[in-house]
Amino acid sequence: MKTFDNIKIIKHPLVQDKLSRMRDSATSSRDFRFLLRELSSLMAFEVTRDIKTESASVRTPLGLEAKGVRVNHREIVLVTIFRAGVGMAEGVLEVIPQARVGHVGIYRNPETLDAVQYYHKLPPDIAASSLVLLIDPMLATGNTMVRTLEVCRDAGAENIRIMCLVAAPEGVEKVREKFKKVPIYTAALDEKLDDHGYIIPGLGDAGDRIFGTR
Ligand code: URA
(Lines give C-alpha, C1' and ligand atoms only; values in the text may rest on other atoms or scores of the structure.)
Protein backbone atom coordinates (compact mmCIF):
# COMPACT_ATOMS: atom_id res chain seq x y z
CA MET A 1 0.00 0.00 0.00
CA LYS A 2 1.15 3.52 -0.85
CA THR A 3 2.41 5.58 2.08
CA PHE A 4 1.70 9.27 2.63
CA ASP A 5 3.58 11.86 4.65
CA ASN A 6 0.44 13.92 5.42
CA ILE A 7 -1.46 11.24 7.33
CA LYS A 8 -1.31 9.89 10.86
CA ILE A 9 -3.14 6.64 11.57
CA ILE A 10 -4.28 6.34 15.17
CA LYS A 11 -3.64 2.72 16.05
CA HIS A 12 -4.72 2.73 19.69
CA PRO A 13 -6.53 -0.58 20.40
CA LEU A 14 -9.68 1.16 21.71
CA VAL A 15 -9.89 3.27 18.55
CA GLN A 16 -9.42 0.21 16.35
CA ASP A 17 -11.94 -1.82 18.35
CA LYS A 18 -14.63 0.84 17.96
CA LEU A 19 -13.91 1.28 14.28
CA SER A 20 -14.32 -2.48 13.67
CA ARG A 21 -17.69 -2.38 15.44
CA MET A 22 -18.74 0.56 13.28
CA ARG A 23 -17.74 -1.22 10.08
CA ASP A 24 -19.98 -4.16 10.98
CA SER A 25 -23.19 -3.98 8.92
CA ALA A 26 -25.06 -5.57 11.87
CA THR A 27 -24.40 -2.51 14.06
CA SER A 28 -27.61 -0.51 14.59
CA SER A 29 -27.88 3.26 14.00
CA ARG A 30 -28.15 3.76 17.73
CA ASP A 31 -24.91 1.88 18.43
CA PHE A 32 -23.22 3.44 15.41
CA ARG A 33 -23.93 6.96 16.75
CA PHE A 34 -22.72 6.02 20.21
CA LEU A 35 -19.50 4.49 18.88
CA LEU A 36 -18.91 7.49 16.63
CA ARG A 37 -19.14 9.82 19.59
CA GLU A 38 -16.79 7.71 21.71
CA LEU A 39 -14.31 7.25 18.89
CA SER A 40 -14.29 10.98 18.17
CA SER A 41 -13.48 11.74 21.81
CA LEU A 42 -10.62 9.24 21.80
CA MET A 43 -9.21 10.53 18.52
CA ALA A 44 -9.40 14.12 19.79
CA PHE A 45 -6.74 13.20 22.37
CA GLU A 46 -4.26 12.30 19.66
CA VAL A 47 -5.12 15.21 17.39
CA THR A 48 -4.64 17.73 20.22
CA ARG A 49 -1.57 16.09 21.76
CA ASP A 50 0.72 19.07 21.02
CA ILE A 51 -1.68 22.03 21.13
CA LYS A 52 -0.94 25.36 22.74
CA THR A 53 -1.25 25.49 26.54
CA GLU A 54 -0.94 28.27 29.09
CA SER A 55 0.60 27.80 32.53
CA ALA A 56 -1.85 27.89 35.37
CA SER A 57 -1.66 27.70 39.11
CA VAL A 58 -4.44 26.67 41.47
CA ARG A 59 -4.87 26.24 45.21
CA THR A 60 -5.76 22.70 46.26
CA PRO A 61 -8.06 21.78 49.20
CA LEU A 62 -4.88 21.37 51.29
CA GLY A 63 -4.17 25.06 50.80
CA LEU A 64 -1.19 24.34 48.60
CA GLU A 65 -0.32 25.71 45.22
CA ALA A 66 -0.30 23.25 42.29
CA LYS A 67 1.21 24.38 39.04
CA GLY A 68 -0.35 23.06 35.86
CA VAL A 69 -1.56 24.04 32.45
CA ARG A 70 -4.79 25.18 30.84
CA VAL A 71 -6.03 24.96 27.29
CA ASN A 72 -8.02 27.90 26.03
CA HIS A 73 -10.93 25.94 24.56
CA ARG A 74 -12.40 28.98 22.86
CA GLU A 75 -9.32 29.31 20.65
CA ILE A 76 -10.17 25.92 19.14
CA VAL A 77 -12.65 25.79 16.30
CA LEU A 78 -14.28 22.59 15.08
CA VAL A 79 -15.63 22.72 11.57
CA THR A 80 -18.18 20.02 10.84
CA ILE A 81 -19.20 19.06 7.37
CA PHE A 82 -22.92 18.28 7.02
CA ARG A 83 -24.32 15.78 7.60
CA ALA A 84 -22.04 13.13 8.99
CA GLY A 85 -19.51 15.49 10.60
CA VAL A 86 -22.12 16.59 13.13
CA GLY A 87 -22.01 13.17 14.84
CA MET A 88 -18.26 13.53 15.34
CA ALA A 89 -18.45 17.07 16.71
CA GLU A 90 -20.43 15.87 19.72
CA GLY A 91 -17.62 13.48 20.68
CA VAL A 92 -14.93 16.13 20.37
CA LEU A 93 -17.03 18.56 22.41
CA GLU A 94 -17.12 16.03 25.26
CA VAL A 95 -13.40 16.66 25.77
CA ILE A 96 -13.16 20.28 24.56
CA PRO A 97 -16.58 21.51 25.69
CA GLN A 98 -16.03 25.18 25.03
CA ALA A 99 -14.57 24.83 21.55
CA ARG A 100 -16.53 26.79 18.99
CA VAL A 101 -18.20 25.02 16.13
CA GLY A 102 -18.49 26.14 12.53
CA HIS A 103 -20.57 24.36 9.91
CA VAL A 104 -20.08 23.84 6.22
CA GLY A 105 -22.88 22.41 4.08
CA ILE A 106 -21.68 20.49 1.06
CA TYR A 107 -23.21 17.66 -0.91
CA ARG A 108 -21.70 15.41 -3.51
CA ASN A 109 -23.14 15.57 -7.01
CA PRO A 110 -23.92 11.84 -7.43
CA GLU A 111 -22.94 11.84 -11.12
CA THR A 112 -19.75 13.90 -11.15
CA LEU A 113 -18.85 13.41 -7.44
CA ASP A 114 -18.04 17.15 -7.39
CA ALA A 115 -18.53 19.04 -4.12
CA VAL A 116 -21.45 21.47 -4.18
CA GLN A 117 -21.36 23.96 -1.32
CA TYR A 118 -24.68 25.46 -0.18
CA TYR A 119 -23.95 26.86 3.28
CA HIS A 120 -21.28 27.92 5.71
CA LYS A 121 -21.20 29.59 9.10
CA LEU A 122 -17.85 30.01 10.82
CA PRO A 123 -16.84 31.99 13.91
CA PRO A 124 -15.99 35.50 12.62
CA ASP A 125 -12.58 35.50 14.36
CA ILE A 126 -11.50 32.10 13.04
CA ALA A 127 -8.23 33.72 11.88
CA ALA A 128 -7.22 34.17 15.54
CA SER A 129 -7.87 30.54 16.53
CA SER A 130 -5.04 28.30 17.72
CA LEU A 131 -6.42 25.21 15.96
CA VAL A 132 -9.10 24.63 13.34
CA LEU A 133 -10.16 21.00 13.26
CA LEU A 134 -12.13 19.84 10.22
CA ILE A 135 -14.21 16.80 11.04
CA ASP A 136 -15.93 14.37 8.71
CA PRO A 137 -16.04 10.58 9.17
CA MET A 138 -15.15 9.67 5.57
CA LEU A 139 -12.36 11.17 3.46
CA ALA A 140 -13.32 9.66 0.10
CA THR A 141 -12.63 11.61 -3.13
CA GLY A 142 -11.31 14.55 -1.10
CA ASN A 143 -13.49 17.01 -3.10
CA THR A 144 -15.63 17.93 -0.09
CA MET A 145 -12.63 18.27 2.20
CA VAL A 146 -10.71 20.43 -0.27
CA ARG A 147 -13.73 22.72 -0.66
CA THR A 148 -14.01 22.98 3.14
CA LEU A 149 -10.30 23.75 3.39
CA GLU A 150 -10.76 26.54 0.84
CA VAL A 151 -13.66 28.01 2.84
CA CYS A 152 -11.58 27.94 6.06
CA ARG A 153 -8.46 29.28 4.40
CA ASP A 154 -10.41 32.13 2.78
CA ALA A 155 -11.76 32.99 6.24
CA GLY A 156 -8.16 33.27 7.51
CA ALA A 157 -7.76 29.94 9.35
CA GLU A 158 -4.11 28.96 9.75
CA ASN A 159 -3.36 25.93 11.87
CA ILE A 160 -5.75 23.45 10.25
CA ARG A 161 -5.96 19.71 10.92
CA ILE A 162 -8.32 17.09 9.55
CA MET A 163 -9.88 14.32 11.62
CA CYS A 164 -11.73 11.46 9.94
CA LEU A 165 -12.46 7.81 10.71
CA VAL A 166 -11.65 6.23 7.38
CA ALA A 167 -9.61 7.70 4.54
CA ALA A 168 -9.17 6.55 0.96
CA PRO A 169 -5.80 6.99 -0.77
CA GLU A 170 -7.50 9.10 -3.47
CA GLY A 171 -8.74 11.63 -0.89
CA VAL A 172 -5.45 11.77 0.98
CA GLU A 173 -3.64 12.44 -2.31
CA LYS A 174 -6.13 15.18 -3.30
CA VAL A 175 -5.71 16.98 0.04
CA ARG A 176 -1.92 16.69 -0.20
CA GLU A 177 -1.93 18.11 -3.74
CA LYS A 178 -3.87 21.23 -2.72
CA PHE A 179 -3.03 21.62 0.99
CA LYS A 180 0.36 20.04 1.48
CA LYS A 181 0.81 21.23 5.06
CA VAL A 182 -2.54 20.09 6.46
CA PRO A 183 -2.19 16.82 8.44
CA ILE A 184 -4.89 14.15 8.31
CA TYR A 185 -5.61 12.12 11.44
CA THR A 186 -7.54 8.96 10.74
CA ALA A 187 -8.31 5.59 12.30
CA ALA A 188 -7.78 3.75 8.99
CA LEU A 189 -6.44 4.14 5.49
CA ASP A 190 -8.56 1.83 3.34
CA GLU A 191 -7.88 0.33 -0.05
CA LYS A 192 -9.61 2.50 -2.64
CA LEU A 193 -12.88 4.02 -3.88
CA ASP A 194 -15.53 2.19 -5.85
CA ASP A 195 -17.17 3.66 -8.98
CA HIS A 196 -19.68 5.60 -6.88
CA GLY A 197 -17.03 7.18 -4.67
CA TYR A 198 -17.61 4.87 -1.71
CA ILE A 199 -14.63 3.75 0.33
CA ILE A 200 -13.72 0.05 0.06
CA PRO A 201 -14.11 -1.77 2.39
CA GLY A 202 -15.23 1.34 4.34
CA LEU A 203 -18.30 1.35 6.53
CA GLY A 204 -21.01 2.37 4.08
CA ASP A 205 -22.70 5.75 3.97
CA ALA A 206 -21.81 7.32 7.30
CA GLY A 207 -24.68 9.85 7.19
CA ASP A 208 -27.27 7.15 6.48
CA ARG A 209 -25.89 4.95 9.23
CA ILE A 210 -25.88 7.80 11.79
CA PHE A 211 -29.33 9.07 10.97
CA GLY A 212 -30.98 5.81 9.85
CA THR A 213 -31.97 7.25 6.48
CA ARG A 214 -31.53 4.09 4.47
N1 URA B 1 -19.15 9.05 2.27
C2 URA B 1 -19.58 8.03 3.05
O3 URA B 1 -20.41 8.22 3.92
N4 URA B 1 -19.06 6.80 2.81
C5 URA B 1 -18.15 6.55 1.87
O6 URA B 1 -17.71 5.41 1.72
C7 URA B 1 -17.71 7.63 1.07
C8 URA B 1 -18.24 8.87 1.28
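Preceding this section is the structure that the text describes.
The notes below deal with the structure included here. Quick caveat: nothing in here was measured; it's all calculated off a predicted structure.

1. A closer look at the sheet that holds strand β5 (residues 100–108)
Pairing between the strands of a sheet is mediated by backbone hydrogen bonds and can be parallel or antiparallel.
Piece 1. Read across the sheet, 7 strands follow the order β1-β11-β9-β7-β4-β5-β6 without closing on themselves; strand pairing throughout is mixed. This sheet does not close on itself; its edge strands, each paired only once, are β1 (7–9) and β6 (115–121). Averaged over neighbouring strand pairs, the angle between their axes works out to 20 degrees when direction is ignored.
Piece 2. Two elements, β5 and β6, share 6 bridges in a ladder whose sense is antiparallel. Within β6, the residue paired with His-103 across the bridge is Lys-121.
Piece 3. Set on the sheet, helix α2 (residues 29–47) makes contact with β1, β7 (131–135), β9 (160–163) and β11 (184–186); between it and β9 the angle comes to about 145 degrees.

2. So, the site of the ligand
Piece 1. Residues in close proximity to the ligand include Arg-108, Met-138, Ala-140, Gly-197, Tyr-198, Ile-199, Gly-204, Asp-205 and Ala-206, which together make up its full environment.
Piece 2. Residue Ile-199 places a main-chain N or O atom 2.8 Å away from an oxygen atom belonging to the ligand.
Piece 3. Summarising the interface, the protein chains cover 88% of the accessible area of the ligand, which totals 240 Å² for the free molecule.
Piece 4. Among the cavities detected, the one that contains the ligand is the largest pocket.

3. Regarding the state of the cysteines
Piece 1. Per the stated rule, a full pass over the model turns up 0 disulfides.
Piece 2. As a non-bridged cysteine, Cys-152 has Cys-164 as the owner of its nearest cysteine sulfur, 15 Å distant.
Piece 3. Take Cys-152: its relative accessible area is 0%, and that puts it in the buried class.
Piece 4. On the basis of relative accessible area, Cys-164 is assigned to the buried category, the value being 0%.

4. Side note on a nonpolar patch on the surface
Piece 1. A cluster of nonpolar side chains, Tyr-107, Tyr-118 and Tyr-119, forms an exposed patch at the surface whose accessible area comes to about 350 Å².
Piece 2. Relative to the assigned elements, Tyr-107 resides in strand β5.
Piece 3. A relative accessible area of 45% places Tyr-107 in the partly exposed class.

5. Describing the pattern of salt bridges
Piece 1. According to the stated counting rule, one finds 18 salt bridges in the structure shown.
Piece 2. Salt-bridge contacts for Asp-50 lead to Arg-161; the nearest nitrogen and oxygen are separated by 2.9 Å. Placement of Asp-50 in the loop between α2 and β2 (54–59) and of Arg-161 in strand β9 is noted, with a sequence separation of 111 residues between them.
Piece 3. A salt bridge links Arg-153 to Asp-154, with the shortest nitrogen-to-oxygen separation between them at 3.4 Å.
Piece 4. The network of salt bridges with common partners includes Arg-83, Asp-205, Asp-208 and Arg-214.

6. Observations regarding the packing of aromatic side chains
Piece 1. Scanning all chains against the criterion turns up 2 aromatic pairs.
Piece 2. Judged by centre distance (6.3 Å) and plane angle (20 degrees), the rings of Phe-82 and Tyr-119 are stacked. One end of the pair, Phe-82, is in the loop between β4 (76–81) and α3 (85–95); the other, Tyr-119, is in strand β6, and 37 residues separate them in sequence.
Piece 3. Looking at Phe-82, the relative accessible area reads 28%, which means it is partly exposed.
Piece 4. Cation over ring: Arg-108 sits above Tyr-198, and NZ or CZ is 5.8 Å from the ring centre.

7. Looking at the environment of Gln-16
Piece 1. Within the secondary structure, Gln-16 is located in helix α1 (residues 13–23).
Piece 2. Residue Gln-16 is classed as partly exposed on the basis of its relative accessible area of 25%.

8. Some words on unusual backbone geometry
A negative phi holds for most residues other than glycine; trans holds for most peptide bonds.
Piece 1. Going from Phe-82 to Arg-83, the amide bond is cis rather than trans, its omega being -5 degrees.
Piece 2. Relative to the helices and strands, Arg-83 resides in the loop between β4 and α3.
Piece 3. Of note, the bond from Ile-200 into Pro-201 is cis; its omega dihedral lies within 30 degrees of zero at 0 degrees.
Piece 4. Its location among the elements puts Pro-201 in the loop between β14 (199–200) and α6 (206–211).

Analysis parameters
Residues numbered from 1 in each chain as written. Predicted model: local features only at pLDDT ≥ 70, side-chain atom pairs only at ≥ 80, totals over all residues. Heavy atoms only, no water. Pairing = 2+ DSSP bridges. Helix = DSSP H or I, 4+ residues; strand = E, 2+ residues; numbered from the N terminus. Axes fitted to C-alpha atoms, helices over the stretch in contact; angles between N-to-C directions. Contact = heavy atoms within 4.5 Å. Near = heavy atom within 4 Å. Polar contact = N/O pair within 3.5 Å; in protein donor to acceptor, adjacent residues only side chain to side chain. Areas by Shrake-Rupley, 256 points an atom, 1.4 Å probe, with all protein chains shown as cover. 1 Å grid on protein atoms, 1.4 Å probe; cavity = no way out; pocket = protein on both sides within 12 Å on 5 of 7 lines; lining within 4 Å. Sits in = over half its atoms within 2 Å of the grid points. Disulfide = S-S within 2.5 Å. Buried < 20%, exposed > 50% of the residue type's maximum accessible area, 1.4 Å probe, protein only. Patch = residues over 30% accessible without salt bridge, like charges linked within 9 Å, V, L, I, M, F, W, Y side chains within 5 Å. Salt bridge = Lys/Arg side-chain N within 4 Å of Asp/Glu carboxyl O. Phe/Tyr/Trp six-rings, centres within 6.5 Å; stacked < 30°, edge-to-face > 60°. Lys NZ or Arg CZ within 6 Å of the ring centre and 35° of its normal.

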